[in-house]
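Notes for the structure review
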There are 2 protein chains.
Amino acid sequence: MKKEIPYKIYLEEREMPKQWYNVRADMKKKPAPLLSPATLAPITLEELSHVFCKELAKQELDDTTPYFDIPEEIRNFYRMYRPSPLVRAYCLEEKLETPAHIYYKFEGNNTSGSHKLNSAIAQAYYAKKQGLKGVTTETGAGQWGTALSMACAYLGLDCQVYMVKCSYEQKPFRREVMRTYGANVTPSPSMNTEVGRRINKEFPGTTGSLGCAISEAVEAAMGQEGYRYVLGSVLNQVLLHQSVIGLEAKAALDKYHIKADTIIGCAGGGSNLGGLISPFVGQMIKGEADYEIIAVEPASCPSLTRGVYAYDYCDTGKVCPLAKMYTLGSGFIPSASHAGGLRYHGMSSTVSELYHQGMVKARSVKQTEVFQAAQMFAKVEGILPAPESSHAIRAAIDEALRCKETGEEKTIVFGLTGTGYFDMVAYQKFNDGEMSDYMPSHEELKKALDARPKVNL
Amino acid sequence: MKKEIPYKIYLEEREMPKQWYNVRADMKKKPAPLLSPATLAPITLEELSHVFCKELAKQELDDTTPYFDIPEEIRNFYRMYRPSPLVRAYCLEEKLETPAHIYYKFEGNNTSGSHKLNSAIAQAYYAKKQGLKGVTTETGAGQWGTALSMACAYLGLDCQVYMVKCSYEQKPFRREVMRTYGANVTPSPSMNTEVGRRINKEFPGTTGSLGCAISEAVEAAMGQEGYRYVLGSVLNQVLLHQSVIGLEAKAALDKYHIKADTIIGCAGGGSNLGGLISPFVGQMIKGEADYEIIAVEPASCPSLTRGVYAYDYCDTGKVCPLAKMYTLGSGFIPSASHAGGLRYHGMSSTVSELYHQGMVKARSVKQTEVFQAAQMFAKVEGILPAPESSHAIRAAIDEALRCKETGEEKTIVFGLTGTGYFDMVAYQKFNDGEMSDYMPSHEELKKALDARPKVNL
């Protein structure tokens, strides 16, 4: 079979983006501002600089500057694992017998196993530049913690990770990757922090939660001279750094004169989806092109498809700023699905606003269907995907099958955010036919939403 | 810093090799022939075709044809994960403050996690082409079994893997990757085969060995209509397929007019080293260029540096053909080092002969030094390497440090065969300071060597 488009489109190093793109600058109606948890008023740069280092706080609040230069040190780091390939899924197309053309932007070819490294190196860089000693963060399954450990090891920055205790004990391999990179990994709740000690006392034997780990990481940052807290998703700064995904994808498509019709990404906090779609949304806003954009979320944690658009806390501990976003309520505890990276009660305020404006569609998919798509993809495309990424695969396959019925020669681009090498417990459950498809009931969602803070601006 | 050479050299798809290179065809003194285990005479194509499928048996015995066309179907599969990048280790050079230029050919960017896939797809393809139903194999830690599962899933071929029982139980994740790819994974010794039942009866509760798993896989292939046995290293056919590594590496170097001085690879059975060095050795034989080639083996299993060059069985069960090779004796049981892929008593007969002729040097390194190198590499180059591959990293770092002393601007190329994502138990031992550096005693080696079969041709 003759292929005019290569299996993998790699940009040359000189074609790699030199600037990140801040889609908020071009949005006519901007995402609502973050609120201070203390005053419930829009948070100031000064206030935010206590939590994040100065440059990142600036990026967080800036919704007018469209482009930010990527510092040369970060570009050098990117060169170690980027550009990531835009892959033509010839084998998947053949398997599905679809007239659709399917492409995926593969972000898993690095030791962190996902796109998280794109923002981890940026956040670590600005912390280092400000003369900080180190950073603190939380991690659930460990993808973000791993990425941050790698970035900190590269720059010689101390890295303290609060890892949810049940993951720390049940998923020792990611923990060991972090330790190999020199990170200090503490099971949370720990006895290092006030909040950790309180929770350990209140709930003896608890195996922790993400909400608790965030609170510990924030407290640890505040309590140590020369430390700041960093976060791997949801934030505007993270979407800015992750725009490198979309910019590369767009450059690769342009290089071969390919026009995407549908762009698909999995969505938990929105870091990958927001980054992937940024430049395409920019074109839509300017009337230069039109795309169908689909955010795919798990049926077990459906913030876009079943949540409300309102101000809410970003963390369960209510120590971080509030954001206006699609949310299930910061008290919502998602079921123990295997896509840990998508178990978040809210959605990045930028993605939320784009969804609210109708520029982004959303759909939710069930876990078992997701793993069926993952397995098919692994067999024909040779990459074992992360459960999170497989949500996008599911939707892409569904779209391609629809094209088979209609005969449309659509071009579908989806984000393959990472690999599933550390998720084999989930695959085992799937292989053994023991995977569940839990969805929250109407009553359960209502209860969590009713418990939201009453904030109206 | 200005870089005239990119961080990663990727060939274009049209520059990828269309033929494998069979270095034996150009060797003036050829490797000694395989012997039939039944007659101890050179094995015939007819005899070998009972074990391997016909085309592979031909490749195994052919030491006169220099080039074999890579079938288009295999080239299409290669395009999914190849060309693999030749990476300039700028960050490692900087860290070491060496004048040396360091490059590595990175074979780990695929779900099997190593170079094994290069031969797995070829062996599965020829089996399929011959109309076989499936293949059987053994696997220790699971790298080869994973690669074969992926290749078989792609081609729709049944795949039966006998996995050493202790790995099956202690390393469930690779097992689940294989199952996800549809392979039938059986803990060995099993009750499926005569030899398995015998061993289970003789040694109740045994956790198995590679030698036993080989014997079971061979028996299973022989006992099923339409099945053949396949093997991931040592064999000539494997080195032939793996020549794609060296051919790509050489093409990438040539593209940027880079002349390698030293080429380094880890060596267990010789599949990676043999493939990497093939085209360079070809040049040396023809007097076109000169290289220093270094095989790096573990001090715990030092076949080249402490073995003898003689005929020996390739497997502990003595059912496979005999090969003339550097060997520690087929009864040698390597200590439980963490580089499972290098725990083999012998060395590919081609690599052995090249070593015997002085074209390849060898050195052995200790486990702890290997992991120190692995950790340094992971931190500065962003890739967590497999323990096997890290043997080559250790030697490359040692060479680069020597250059620092002498001021030589040597160009060092080494093979980075894979990633360590499924080897975190080993890293944990290292992180906890509990790694041992066992080396076999003189008496232990002598005992195993004395037990060799007395064969002289």
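I will try to describe carefully the structure that is included in this document.

Now for empty space enclosed by the protein. Throughout the structure, instances matching the rule amount to 11 cavities of 30 Å³ or more. Considered as a void within the structure, the largest cavity measures approximately 250 Å³ in volume. Lining of the largest cavity is provided by 28 residues; of these, Phe106(A), Asn109(A), Ile383(A), Asn109(B) and Asn110(B) occupy positions nearest its centre. Across the lining of the largest cavity, the residue classes tally to 16 nonpolar, 10 polar and 2 charged. Size it by volume and the second largest cavity reaches roughly 170 Å³. Lining of the second largest cavity is provided by 20 residues; of these, Met80(A), Tyr81(A), Asn109(A), Asn109(B) and Ile383(B) occupy positions nearest its centre. A per-element tally of the lining of the second largest cavity places helix 3 (residues 72–81) of chain A first, with 3 residues. Partitioning the lining of the second largest cavity into residue classes produces 13 nonpolar, 5 polar and 2 charged.

The next subject is the pattern of salt bridges. Residue and element names in this part refer to chain A. For the structure shown, the criterion picks out 44 salt bridges over all chains. With a closest N to O distance of 3.0 Å, Glu15 and Lys255 form a salt bridge. Of this pair, Glu15 sits in the loop between strand 1 (8–9) and strand 2 (19–21) while Lys255 sits in helix 11 (residues 236–255); the two residues are 240 residues apart in sequence, bridging distant segments of the chain. Look at Glu15 and you get partly exposed, because its relative accessible area is 27%. Relative accessible area serves as the criterion here: at 33%, Lys255 is assigned to the partly exposed category.

The two copies are related by a screw operation: chain B maps onto chain A through 180° of rotation and 0.0 Å of translation along the axis, at an RMSD of 0.0 Å. Accordingly, the operation relating the two chain copies is best matched by a two-fold axis. Rotation axis and chain B: the residue whose C-alpha lies nearest the axis is Asn109(B), separated from it by 3.1 Å. A share of 100% of the interface residues of chain B reappears at the interface of chain A, consistent with the copies meeting face to face through the same patch.

For the rest of this paragraph, the subject is the side chain of Ser233(B). Residue placement: Ser233(B) occurs in the loop between strand 9 (227–229) and helix 11 (236–255). There is a polar contact of 3.4 Å between the side chain of Ser233(B) and the backbone nitrogen of Ser271(B).

The subject of this paragraph is helix 12 (residues 271–285) of chain A. Residues and elements named next belong to chain A. Over its 15 residues, helix 12 runs 20 Å from end to end, which matches the ideal 21 Å to within 8%, given 1.5 Å per residue. Largest kink in helix 12: about 50°, centred on Ser278, with the proline Pro279 one to four residues after it. The element helix 12 is extensively covered by neighbouring structure, given that 15 of its 15 residues are classed as buried. After helix 12 finishes, the residue Gly287 shows a positive phi value of roughly 70°.

Residues spaced three or four apart along an α-helix face the same direction, because each turn holds 3.6 residues. Looking only at helix 17 (residues 424–431) of chain B, the buried set comprises Met424(B), Ala426(B), Tyr427(B), Phe430(B) and Asn431(B). With its buried residues spanning 150° around the axis, helix 17 of chain B presents them on a single face. Buried positions along helix 17 of chain B lie against helix 8 (172–180) of chain A together with helix 15 (367–381) and helix 16 (387–406) of chain B. Downstream of helix 17 of chain B by one or two residues, Gly433(B) has phi in the positive range, about 70°.

Residue and element names in this part refer to chain A. Read across the open sheet, the 4 strands follow the order 8-7-6-9; overall the sheet is parallel. Edge positions in the sheet fall to strand 8 (184–188) and strand 9 (227–229), since each of these pairs with one other strand and no more. The sheet shows a mean angle of 25° between the axes of neighbouring strands, direction not considered. Two elements, strand 6 (residues 134–139) and strand 7 (residues 158–164), share 6 bridges in a ladder whose sense is parallel. Bridge assignment links Gly134 to a residue of strand 7, and that residue is Asp158. Docked against the sheet, helix 6 (residues 143–155) engages strand 6 and strand 7, running at close to 165° with respect to strand 6.

Thresholds, definitions, all that
- Residues numbered from 1 in each chain as written.
- Chains lettered and ligands numbered in written order.
- Predicted model: local features only at pLDDT ≥ 70, side-chain atom pairs only at ≥ 80, totals over all residues.
- Heavy atoms only, no water.
- 1 Å grid on protein atoms, 1.4 Å probe; cavity = no way out; pocket = protein on both sides within 12 Å on 5 of 7 lines; lining within 4 Å.
- Points joined across faces, edges and corners; volume = space filled by probe spheres on them.
- Nonpolar A, V, L, I, M, F, W, Y, C, P; charged D, E, K, R; others polar.
- Helix = DSSP H or I, 4+ residues; strand = E, 2+ residues; numbered from the N terminus.
- Salt bridge = Lys/Arg side-chain N within 4 Å of Asp/Glu carboxyl O.
- Buried < 20%, exposed > 50% of the residue type's maximum accessible area, 1.4 Å probe, protein only.
- Least-squares fit on C-alpha atoms with pLDDT ≥ 70 in both.
- Contact = heavy atoms within 4.5 Å.
- Polar contact = N/O pair within 3.5 Å; in protein donor to acceptor, adjacent residues only side chain to side chain.
- Expected span 1.5 Å × (residues − 1).
- Bend = angle between axes of the 7 residues up to and from the residue.
- Arc of directions from axis to C-beta.
- Pairing = 2+ DSSP bridges.
- Axes fitted to C-alpha atoms, helices over the stretch in contact; angles between N-to-C directions.

Read these as layout, nothing more, since geometry by itself doesn't imply function.
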